[in-house]
Amino acid sequence: MADMTPPAGAPAFLAIHGWSGTISPVAGDASFRRYFRVTQENRSAILMDAPPPHEDPRPFIAIAQWLRERGFAAPAIHAADLDQGLVLLEDFGDARLREAADADAAAALPLYEAAIDLLVALRGHAPAEIAPYDHAVLHREAALLPEWYGPAVGLDVDVAGYHAAWDAVFDHALTDAPVTVLRDYHAENLMLVGSAQALGLLDFQDALAGHPAYDLVSLLQDARRDVDPEVERAMLDRYRAATGVGDGFMDAYHVLGAQRNAKIIGIFTRLWRRDGKPRYAALCPRVWSYLERDLSQPALAPVARWFDENVPPELRGDPKVLSV
């Protein structure tokens, strides 16, 4: 379990910027970053601890500013000390789309509709000045599955064939009209902010300029929450109706879905094996189900063939359970 003792430099950093009071841990993510709530009388803020050299908070600050300038609800940056990796952020509270949708099935649909509408609005802006989501990045991420999952379950797979299969489909995942892809756009990173329940954005520091279908996949094939296939279809219909995208968009959606889900299986296996976080391994069966759904699409035929030849169905699941 991560050490949730506040960083040694936190009290002095906060005092310089006019803050004191209690510092208590809040839920973190799968990275080296840690988060604390600073509470002082009738106000609060979130302290991000992004310790160098493992983390660099500058991309988060830059994308937050970019989003806010365009009317999106990213946290305001109250203060930062880049040498220590400390950032004081606006506190969006604890109400996440995840829990709101889980608690009330009737509320889930309008919440997901709001999340779709936000992506439609994001599509209307030229991308931020960020690196492209290109072939090299797509390959590097997809490679995490044979690198980590294969050895974990005792598979010696055809790595060259794996890359060749993805090469045959990745053109679907590229676009001449890129958008800012937030890359971790899902129910646990969407906050319900204020009385209007506007969607607040978190965890966008890894944003790249890429295909707009990627964040749709992140939302609708959520590694941490089951999304009803009917909700997925309805939200895709809503997005397509609002944007006018054609059938080729769905090929991109499924190729990026397969790529993202392969990447996540690799990452979650690594989090268990290397980083001692076994709870992530238990999420892999859900991600495999999404991956298999994407692989059933004609555009993924070369990749589906590779999986059929290299990963038997009985070895697609929780790597901790299947480990050798």
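All values reported here derive from a predicted model rather than from experimental measurement.

(A) A look at the pattern of salt bridges. One pass over the structure, following the stated rule, counts 26 salt bridges. Residues Arg-37 and Asp-91 are paired through a salt bridge, measuring 2.7 Å at the closest nitrogen-oxygen approach. Remark: Asp-91 occurs in the loop between strand S5 (86–90) and helix H3 (97–103) and Arg-37 occurs in strand S2 (residues 34–40); sequence separation between them is 54 residues. The same class applies to Arg-37 and to Asp-91, which are both buried. The closest approach of N and O atoms between Asp-117 and Arg-238, which form a salt bridge, is 2.9 Å. With Asp-117 in helix H4 (residues 105–123) and Arg-238 in helix H9 (residues 229–243), this residue pair connects regions lying 121 residues apart in the sequence. Within this structure, Arg-96, Arg-98, Glu-99, Asp-102, Glu-188, Arg-224 and Arg-225 form a network of salt bridges that share partners.

(B) Expanded view of unusual backbone geometry. In this structure, Pro-53 follows Pro-52 across a cis peptide bond, with omega equal to 5 degrees. Structurally, the position occupied by Pro-53 is in the loop between strand S3 (43–49) and helix H2 (58–69). Even without glycine at this site, Glu-41 takes up a positive phi of about 55 degrees. A positive phi is found at Asp-203, a non-glycine position, where the angle reads about 60 degrees. Residue placement: Asp-203 occurs in the loop between strand S8 (198–201) and strand S9 (208–210). For Asp-203, a relative accessible area of 11% translates into the label buried.

(C) How the structure looks around the side chain of Asp-318. One can find Asp-318 in the loop between helix H12 (301–310) and helix H13 (319–322). No salt bridge is formed by the buried Asp-318, whose closest oppositely charged neighbour, Lys-320, lies at an N-O distance of 6.9 Å. Looking at Asp-318, its side chain comes within polar contact range of the main-chain nitrogen of Lys-320, at 2.8 Å. Apart from the residues lying within four places of it in its own chain, the contact partners of Asp-318 are Ala-281, Ala-282, Cys-284 and Pro-285.

(D) Focus on the side chain of Lys-263. Summarising the element assignment, Lys-263 is placed in helix H10 (residues 248–273). Each residue touching Lys-263, except ones within four places of it in the same chain, is listed here: Tyr-133, Glu-141, Leu-144, Arg-183 and Tyr-214.

(E) Representation of the sheet that holds strand S1 (residues 22–26). Strand order in the open sheet formed by 5 strands is S1-S2-S3-S5-S4, and the pairing between neighbours is antiparallel. Of all strands in the sheet, those bounded by a partner on one side alone are S1 and strand S4 (77–81). Recorded for the sheet is a direction-independent mean angle of 25 degrees between the axes of neighbouring strands. One ladder, built from 5 bridges, connects S1 with S2; its direction is antiparallel. Each bridged residue has a counterpart across the sheet, and for Ser-24 the counterpart in S2 is Arg-37.

(F) Region of the structure containing the packing of H10 against helix H11 (residues 284–295). At a closest axis distance of 8 Å, the pairing of H10 and H11 adopts a crossing angle of 155 degrees. The angle between H10 and H11 places the two elements in the roughly antiparallel class. Once H10 is placed against H11, the crossing between them reads as left-handed. Judged by residue contacts, His-254, Gly-257, Ala-258, Asn-261, Ile-264, Ile-265, Phe-268 and Thr-269 of H10 engage Cys-284, Val-287, Trp-288, Tyr-290, Leu-291, Asp-294 and Leu-295 from H11. Looking at the contact of H10 with H11 residue by residue, the classes come out as 10 nonpolar, 4 polar and 1 charged.

The rules behind the values
- Residues numbered from 1 in each chain as written.
- Predicted model: local features only at pLDDT ≥ 70, side-chain atom pairs only at ≥ 80, totals over all residues.
- Heavy atoms only, no water.
- Salt bridge = Lys/Arg side-chain N within 4 Å of Asp/Glu carboxyl O.
- Helix = DSSP H or I, 4+ residues; strand = E, 2+ residues; numbered from the N terminus.
- Buried < 20%, exposed > 50% of the residue type's maximum accessible area, 1.4 Å probe, protein only.
- Lys, Arg positive; Asp, Glu negative; His and termini not counted.
- Polar contact = N/O pair within 3.5 Å; in protein donor to acceptor, adjacent residues only side chain to side chain.
- Contact = heavy atoms within 4.5 Å.
- Pairing = 2+ DSSP bridges.
- Axes fitted to C-alpha atoms, helices over the stretch in contact; angles between N-to-C directions.
- Parallel < 35°, antiparallel > 145°, perpendicular 65-115°, else oblique.
- Left-handed = near helix turned anticlockwise from the far one by under 90°.
- Nonpolar A, V, L, I, M, F, W, Y, C, P; charged D, E, K, R; others polar.

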